[in-house]
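These are the residues of each chain, in order.
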Amino acid sequence: MNLDIYLPVAANSVNALLLVGLGALIGLLSGLFGVGGGFLLTPLLMMIGIPPTVAAASGANEIVAACATGTVSHARGGTVDFKMGILMLIGGLVGGTLGVPIVHYLSATGDADFVIAITYVVMLGSVGSYMFYDSVRDLRGGVVETLSRPAHHRPSIYARLIGSLPWKVDFPKSKVRLSALVPFLLGVLVGVLSAIMGVGGGFLMVPVMVYLLRMPMHVVVGTSLFQILFTCANVTVMQAWINHTVDFILALIMLVGSGVGTEIGVRINRRLRAEQLKILLSLIVLAVMAKMTFDLLVPPHIMLSYPGGH
Amino acid sequence: MFRHLPSAALLVVLLLGSLPALAGSGSGSVRVEPSEVQIGVCYSGQRLSVRATTPSPRKIVMRLTSADEPLTLKKKGKKYGLIWRNMGDVHFTAVPTVYLLRSSCSLDQIAAPETLERMKLGYDGVRRQCLRGSDDAPPELFAELVKLKQKDHLFDWQAGGIQIQPADAGRQEAVGEFLLPAKAPVGDYTVDVFAFQGGKGELIGTANVRLRRGAAVSAITDLAANHGLLYGCLAVAVAVLAGLSTGLVFGR
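The sections below set out a description of the structure shown in this document. (Residues numbered from 1 in each chain as written. Chains lettered and ligands numbered in written order. Predicted model: local features only at pLDDT ≥ 70, side-chain atom pairs only at ≥ 80, totals over all residues. Heavy atoms only, no water.)

### Section: the overall build of chain B
Each helix and strand counted, chain B has six helices and 13 strands in total. By the burial criterion, 42% of the 252 residues in chain B qualify as buried. Across chain B, every contact between residues at least 6 apart in sequence was considered, and the portion connecting residues at least 24 apart equals 67%. (Helix = DSSP H or I, 4+ residues; strand = E, 2+ residues; numbered from the N terminus. Buried < 20%, exposed > 50% of the residue type's maximum accessible area, 1.4 Å probe, protein only. Contact = heavy atoms within 4.5 Å.)

So this is what it looks like as structure tokens:
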């Protein structure tokens, strides 16, 4: 039985079951950790013969579906902080818009590939290492659910800084009171990095929410998915409009798997402790970082590549 | 009498067009089936059967190529002596998008390298045209170009895949097969059949194969290329609906 399917924009043929499996894997990550999975999906699609530009754009389209499923599931469970998510989303859109000229400048100087690769390794390495260290420490100390520091500790410089900012708002879902500027500015920061790295920013957004906004992990996952849903929808439309690189058939087949994967991920998420979730995510992030570092340091098998890849 | 001439000419053209790809510019004939390939939703490449009638005894080489095009690729290099990255563009002058070769025995048993190179049989012949007039493509990078193309099955070379059997009037029939890869772009392809004796070769005949998109694939490609904004919005809408539906199904 021929299960190969032709992808019109990618102009290649791929086994449909393989795509369904990839969709399920990425959906599982989304539901479990609140990451879009773009940092993993794009390289995996490239490995099965999808051109890099089509892989990135179509991956964003697939992530829209996974995030929609995840957002609905988390919203039903009351674990989406819409107020926080909207503020971060506005910041992310501003940051993404600021990041595009930076990428354009780097491309003009010929350094874009290099900067993107190094940014990936540094960000994945630092975020993954810190999450891993912190999760292990919490597991040993028996700290449950949040990362709130004991009250008798002297507030850090960061805590004092955000405490001094105006326009304080209550975020009941996240059980924090912050200046509205904080999620907005952090959204801008993640947006800039997302534009440079070409991903939805979930693996950056999750640690930002956990460590800098001090949100409970289970609310972080749902809120992150809500925010990535809009970021990736924007990326999909822009890529389809300007670069014509979205392969709808590719995304559609992966959707079959991703819906199921996301739902399973959400259910597992509700059964795991916050520290367990963080340690799993940190291990995946570190594994991707190790693979990227290996690719950067080991001589490639073929010394030529088609334009569009890193 | 001459008033029916245009109609007759049209009829001849239509009749010729309806025949399988069949041609004979040399001392034999070449037939390829199918001569027209449609890319449908389940397309994963297409096997092409080639039959050629040639004088006997001859050694046979079959070649399937596309039109030559300029090609720009990224060259890998070390940055700061440590990190492997894309380090600039390499321009090849005229590269066939697809180059498939079949021969009845290994090429070194068929003719001298210079003869094969002149007839563009084997990668040495392709190398000359790829590098001609290119300032930034050193010859050693051609081997990398071949590896890149081979990875997608766009360049392929197999010896011994042609069956030869006796035919009428002291002639022979050679039967070979090509697999047009899924990554081959739409367009026209040419199948050339060469016959060799005593190290000398001649072009026996040429046949054409047309690869085109089927209706469904064509509709999606056209929408993506010409109505990108609408296509992108539809893609997002379907993704959101699919995602929400899944959530609702599991939520029950």
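### Observations concerning the overall build of chain A
On a plain count of helices and strands, chain A comes out with eleven helices and five strands. Considering chain A as a whole, with its 310 residues, one finds that 55% of them fall into the buried category. By sequence separation, contacts in chain A at least 24 residues apart represent 77% of the contacts at least 6 residues apart. As displayed, chain A has an accessible area near 12,700 Å², and 72% of this comes from carbon and sulfur atoms. (Areas by Shrake-Rupley, 256 points an atom, 1.4 Å probe, with all protein chains shown as cover.)

### Concerning the sheet that holds strand 7 (residues 83–96) of chain B
Here we have three strands laid out as an open sheet, ordered 5(A)-6(B)-7(B), and antiparallel in their pairing. A single partner strand is all that each edge strand has here, and the edge strands are strand 5 (304–305) of chain A together with strand 7 of chain B. Judged from the two bridges that link them, strand 5 of chain A and strand 6 (residues 68–79) of chain B form a sheet pairing that is antiparallel. The residue bridging Leu-304 of chain A from the neighbouring strand is Lys-75 of chain B, located in strand 6 of chain B. Along the sheet face, helix 3 (residues 123–131) of chain B touches strand 6 and strand 7 of chain B and points at about 100° away from the line of strand 7 of chain B. (Pairing = 2+ DSSP bridges. Axes fitted to C-alpha atoms, helices over the stretch in contact; angles between N-to-C directions.)

### Considerations on the pairing of strand 12 (residues 187–197) of chain B
Consecutive side chains of a regular strand alternate in pointing toward one face of the sheet and then the other. Residue and element names in this part refer to chain B. Bridge count between strand 5 (residues 59–66) and strand 12: eight bridges; the pairing is antiparallel. Across the sheet, the residue bridging to Arg-63 is Asp-192, located in strand 12. Pairing geometry for strand 12 and strand 13 (residues 200–213), over eleven bridges, is antiparallel. By the bridge assignment, Val-191 is partnered in strand 13 with Ala-207.

### Re the packing of aromatic side chains
Going through the model one piece at a time under the given rule, you end up with nine aromatic pairs over all chains. A ring pair is formed by Tyr-123 of chain B and Trp-157 of chain B, whose centres lie 5.3 Å apart and whose planes are at 90°; its orientation type is edge-to-face. On the criterion of sequence distance, the pair formed by Tyr-123 of chain B in helix 3 and Trp-157 of chain B in strand 9 (residues 155–159) is long-range, its members being 34 residues apart. Ring-pair connections join several aromatic residues into one group, and the members of that group are Tyr-99, Tyr-123, Phe-155 and Trp-157 of chain B. Residue placement shows Lys-83 of chain A over the ring face of Phe-171 of chain A; its charged tip is 5.7 Å from the ring centre. (Phe/Tyr/Trp six-rings, centres within 6.5 Å; stacked < 30°, edge-to-face > 60°. Lys NZ or Arg CZ within 6 Å of the ring centre and 35° of its normal.)

### Here's the deal with unusual backbone geometry
Each neighbour pair has its own omega, and for Glu-33 of chain B with Pro-34 of chain B the value is -5°, a cis peptide bond. By the element assignment, Pro-34 of chain B lies in the loop between strand 2 (29–33) and strand 3 (36–39). Put simply, Ser-56 of chain B and Pro-57 of chain B share a cis peptide bond, and its omega is -5°. Tracing the backbone through its elements, the reader meets Pro-57 of chain B in the loop between strand 4 (46–55) and strand 5. Of note in this structure, Lys-175 of chain A is not a glycine but carries a positive phi near 55°. Examined against the element boundaries, Lys-175 of chain A turns out to sit in the loop between strand 3 (168–171) and strand 4 (176–179). Unusually for a residue other than glycine, His-153 of chain B sits at a positive phi of about 65°. Residue position: His-153 of chain B is located in the loop between helix 4 (140–151) and strand 9.

### Here we look at the nonpolar core
Residue and element names in this part refer to chain A. One finds Leu-7, Leu-19, Phe-39, Leu-45, Ile-50 and Leu-213 to be the most contacted residues of the largest nonpolar core, which totals 90 residues. Broken down by element, this core gets its largest block of residues, eleven residues, from helix 9 (residues 217–243). Dropping the residues within four chain positions of it, Leu-19 is found in contact with Ile-5, Leu-7, Val-14, Leu-45, Ile-48, Leu-250, Ile-253 and Met-254. (Core = buried A, V, L, I, M, F, W, Y, C linked by side-chain atoms within 4.5 Å.)

### Section: the sheet that holds strand 3 of chain B
All names here are of chain B. With mixed pairing, the six strands of this open sheet are ordered in space as 3-13-12-5-8-9. Two strands lie at the open edges of the sheet, namely strand 3 and strand 9, each paired on one side alone. Here the strands of the sheet are splayed against their neighbours by 15° on average, with no regard to which way each runs. With five bridges joining them, strand 8 (residues 99–103) and strand 9 adopt parallel strand pairing. Note that in strand 9 the partner of Leu-100 across the bridge is Asp-156.

### A look at the environment of Glu-202 of chain B
On the secondary structure map, Glu-202 of chain B appears in strand 13. Along the chain, Glu-202 of chain B and Ile-60 of chain B lie 142 residues apart, while their C-alpha atoms are 9.9 Å from each other.

### Considerations on a nonpolar patch on the surface
Together, Phe-82, Ile-86, Ile-90, Val-94 and Leu-98 of chain A make up an exposed nonpolar region whose accessible area comes to about 410 Å². Structurally, the position occupied by Phe-82 of chain A is in helix 4 (residues 82–109). (Patch = residues over 30% accessible without salt bridge, like charges linked within 9 Å, V, L, I, M, F, W, Y side chains within 5 Å. Salt bridge = Lys/Arg side-chain N within 4 Å of Asp/Glu carboxyl O.)

### Some remarks on helix 9 of chain A
All names here are of chain A. Here helix 9 spans 36 Å end to end across 27 residues, near enough to the 39 Å set by a 1.5 Å rise per residue. Counting buried residues along helix 9, 20 of its 27 residues qualify, which places the element largely inside the surrounding structure. Where helix 9 terminates, the next one or two residues include His-244, which has phi positive at roughly 55°. (Expected span 1.5 Å × (residues − 1).)

### Digging into the environment of Leu-213 of chain A
All names here are of chain A. Within the element layout of this structure, Leu-213 appears in the loop between helix 8 (202–212) and helix 9. When its relative accessible area of 1% is taken as the criterion, Leu-213 is described as buried. Taking the C-alpha atoms as reference points, Leu-213 and Pro-183, separated by 30 residues in sequence, lie 7.4 Å from one another. Beyond its immediate sequence surroundings of up to four residues, Leu-213 is in contact with Met-84, Met-88, Tyr-158, Val-176, Leu-178, Val-182, Pro-183, Leu-186 and Val-208.

On their own, these measurements won't tell you what the molecule is for.
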